[in-house]
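Remarks on the overall topology
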Amino acid sequence: MNIVIAGGTGLVGSALVRHWVKDGHKIVILTRKPRKTGLPSGVRDVAWDGQTLGAWTKVLGGADALVNLAGASIMGRWTAAYKRQLVTSRVHTTQLLLSAIRKVAVRPKVWVNISAAGYYLGHPMTESCTEDSFPGHTFLANLCVQWEGAAAPARDLGVRVVTPRMGLVLSNRGGALPLLSAPFRWFLGGVLGSGRQGFPWVHIDDVVQAIDTFIQTPEYVGAINLTAPHLVNAAQFCLTLADVLNRPCWAPMPPALVRAVLGEAADVILASPRVKPRLMVDKAFPFRFPLLPDALTHLLK
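Residues numbered from 1 in each chain as written. Predicted model: local features only at pLDDT ≥ 70, side-chain atom pairs only at ≥ 80, totals over all residues. Heavy atoms only, no water.

1. Things to note about the overall build of the protein
Across its full length, the protein holds ten helices and 14 strands. Taking 301 residues into account, the globule formula puts the C-alpha radius of gyration at 19 Å, and the protein, at 19 Å, falls close to it. Counting only C-alpha atoms and orienting by the principal axes, one finds that the protein spans roughly 60 × 40 × 40 Å. Restricting the contact set of the protein to residue pairs at least 6 apart, pairs at least 24 apart contribute 76%. Carbon and sulfur atoms make up 56% of the accessible area of the protein, which amounts to about 13,400 Å² in all. Side-chain charges of the protein comprise 31 positive and 18 negative groups, with the mean position of each set lying 8 Å from the other. (Helix = DSSP H or I, 4+ residues; strand = E, 2+ residues; numbered from the N terminus. Rg over C-alpha atoms; globule rule 2.2 N^0.38 Å. Contact = heavy atoms within 4.5 Å. Areas by Shrake-Rupley, 256 points an atom, 1.4 Å probe, with all protein chains shown as cover. Lys, Arg positive; Asp, Glu negative; His and termini not counted. Charge placed at Lys NZ, Arg CZ, Asp CG, Glu CD.)

Here it is in structure tokens:
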């Protein structure tokens, strides 16, 4: 296939590129900092700024698939300026890609535009949300609604649109897991907050296989929860992490301390509901790591 990917140098994007290179696909990475050397065979970088149309739009013509993973990190202090950056890097970038799709004569067959399990943030912590659940009424939930809505008009252009609502991606190459495991390695780990909040997670290998499946399987359309089927709360996650690392799990980390560091963004890890991947389970997606102990053991041992 010919695949165009925005955000192809991040944690998930890099894993996808490695996977697709092995399968012999041709990949174009839209990036602000193109590399002239060191690219694998079949991969090329094309410059874009994520804000304006330009020569890069031509690469979308005749592409089999477009994957958009672009977006500033959710984990950070949400000042007014950073909130604007979160919106611009997701909603405005998606709108730009839609404009580019409109310009090309032969449009991509499928567009995977990533979203987040934060779509449900604002539901009660002990609730289990499926794709049929309403969005929450928080900043992140509203951002996800705008983000998904920005890609939706491509359906009227004959493009199949898939918006995976991705949970916390577990990888030993970066992301949240090294940060979460560090306190435990130093015998300082504890449960985050009350421990009753949901902890939607997914192994990086299952993310890669899922996005590849979404591209190649026409039955996958619209919003899909991309989380592991083994639902856990924060206490279960932290206790399992401690067990895999053979470390103690001490007293809970006070929510006030987390909020003092992250501000409003703390709700992502302190107030999330559980998120069920109902559609993926119904379609018998073959999760490689459906269980949290197996996933953490694979990544940390």
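Still to come is the rest of the account.
2. Some thoughts on the environment of Asn142
Of note, Asn142 is situated in helix 3 (residues 139-151). Judged by relative accessible area, which is 38%, Asn142 ranks as partly exposed. Between the alpha carbons of Asn142 and Gln216 there is a distance of 30 Å; along the sequence they are 74 residues apart. If near-sequence neighbours (up to four positions away) are discounted, Asn142 is found in contact with Gly136 and His137. (Buried < 20%, exposed > 50% of the residue type's maximum accessible area, 1.4 Å probe, protein only.)

3. Observations regarding empty space enclosed by the protein
Counting across every chain of the model gives one cavity of 30 Å³ or more. Taken as a whole, the largest cavity holds about 40 Å³ of empty space. Taken together, Phe199, Pro200, Trp201, Thr227, Ala228, His230, Leu231, Val232, Arg274 and Val275 form the lining of the largest cavity. (1 Å grid on protein atoms, 1.4 Å probe; cavity = no way out; pocket = protein on both sides within 12 Å on 5 of 7 lines; lining within 4 Å. Points joined across faces, edges and corners; volume = space filled by probe spheres on them.)

4. Observations concerning the layout of surface pockets
The probe, sized like a water molecule, is rolled over the atoms to show the empty space still left. Taken as a whole, the second largest pocket spans an internal volume of roughly 350 Å³. Taken together, 15 residues form the lining of the second largest pocket, with Ala15, Arg18, Ile204, Asp205 and Val208 sitting closest to its centre. Contributing elements (two or more residues each) for the lining of the second largest pocket: helix 1 (11-22), helix 5 (204-216) and helix 10 (292-300). In terms of residue count, the dominant contributor to the lining of the second largest pocket is helix 1 (five residues). Grouping the amino acids of the lining of the second largest pocket by side-chain chemistry returns five nonpolar, six polar and four charged. (Nonpolar A, V, L, I, M, F, W, Y, C, P; charged D, E, K, R; others polar.)

5. Quick word on a nonpolar patch on the surface
There is a patch of nonpolar side chains on the surface, built from Met253, Leu257 and Val261 and spanning about 260 Å² of accessible area. Structurally, Leu257 can be placed in helix 7 (residues 255-262). With relative accessibility at 47%, the residue Leu257 sits in the partly exposed group. (Patch = residues over 30% accessible without salt bridge, like charges linked within 9 Å, V, L, I, M, F, W, Y side chains within 5 Å. Salt bridge = Lys/Arg side-chain N within 4 Å of Asp/Glu carboxyl O.)

6. Points about helix 10
Think of an α-helix as turning once every 3.6 residues; residues three or four places apart then point the same way. Those residues of helix 10 not exposed but buried are Leu292, Ala295, Leu296, Leu299 and Leu300. Projected down its long axis, helix 10 shows its buried positions confined to an angular sector of 105 degrees, all on one face. Along its buried surface, helix 10 packs onto strand 9 (168-170), helix 4 (176-185), strand 11 (201-203) and helix 6 (234-245). (Arc of directions from axis to C-beta.)

7. Considerations on the pairing of strand 12 (residues 222-226)
Burial runs high along strand 12: four of the five residues are buried. Taken together, the five bridges between strand 8 (residues 160-166) and strand 12 define a ladder with parallel strand orientation. By the bridge assignment, Val162 is partnered in strand 12 with Gly222. (Pairing = 2+ DSSP bridges.)

8. Describing the packing of aromatic side chains
Summed over all chains, the structure comprises six aromatic pairs. With 4.1 Å between their ring centres and 20 degrees between their planes, Phe199 and Phe237 make a pair best called stacked. Linking Phe199 in the loop between strand 10 (190-192) and strand 11 with Phe237 in helix 6, this pair joins segments that are 38 residues apart in sequence. The pair formed by Phe199 and Phe237 is uniform in burial state, with each residue classed as buried. Considering the side-chain rings of Phe214 and Tyr220, the 4.9 Å spacing of their centres and the 55 degrees angle between planes classify their relative orientation as tilted. Per residue, the accessibility class of Phe214 equals that of Tyr220, and both read buried. (Phe/Tyr/Trp six-rings, centres within 6.5 Å; stacked < 30°, edge-to-face > 60°.)

9. What about the nonpolar core?
The biggest cluster of nonpolar side chains holds 58 residues, and the ones touching the most others in it are Val12, Leu16, Trp20, Val67, Ile211, Phe214 and Met280. For this core, the leading source of residues is helix 5, giving seven residues. With near-sequence residues (within four places) excluded, Leu16 lies in contact with Ile5, Val67, Leu69, Val208 and Ile211. By size, the runner-up hydrophobic cluster in this structure holds 23 residues, among which are Val232, Phe289, Leu292 and Leu296. (Core = buried A, V, L, I, M, F, W, Y, C linked by side-chain atoms within 4.5 Å.)

10. Topic: the packing of helix 1 against helix 5
Between two packed helices, the angle of one axis relative to the other and the distance separating the axes together describe the packing. Between helix 1 and helix 5, whose axes approach to 10 Å, the crossing angle comes to 65 degrees. When the axes of helix 1 and helix 5 are compared, the pair comes out roughly perpendicular. Seen along the crossing, helix 1 lies across helix 5 with a hand that is right-handed. Residue-level contacts link Leu11, Val12, Ala15, Leu16, His19 and Trp20 of helix 1 to Ile204, Val207, Val208, Gln209, Ile211, Asp212 and Ile215 of helix 5. Tallied by class, the residues present in the contact of helix 1 with helix 5 amount to ten nonpolar, two polar and one charged. (Axes fitted to C-alpha atoms, helices over the stretch in contact; angles between N-to-C directions. Parallel < 35°, antiparallel > 145°, perpendicular 65-115°, else oblique. Left-handed = near helix turned anticlockwise from the far one by under 90°.)

This is a description of form; function is not addressed.
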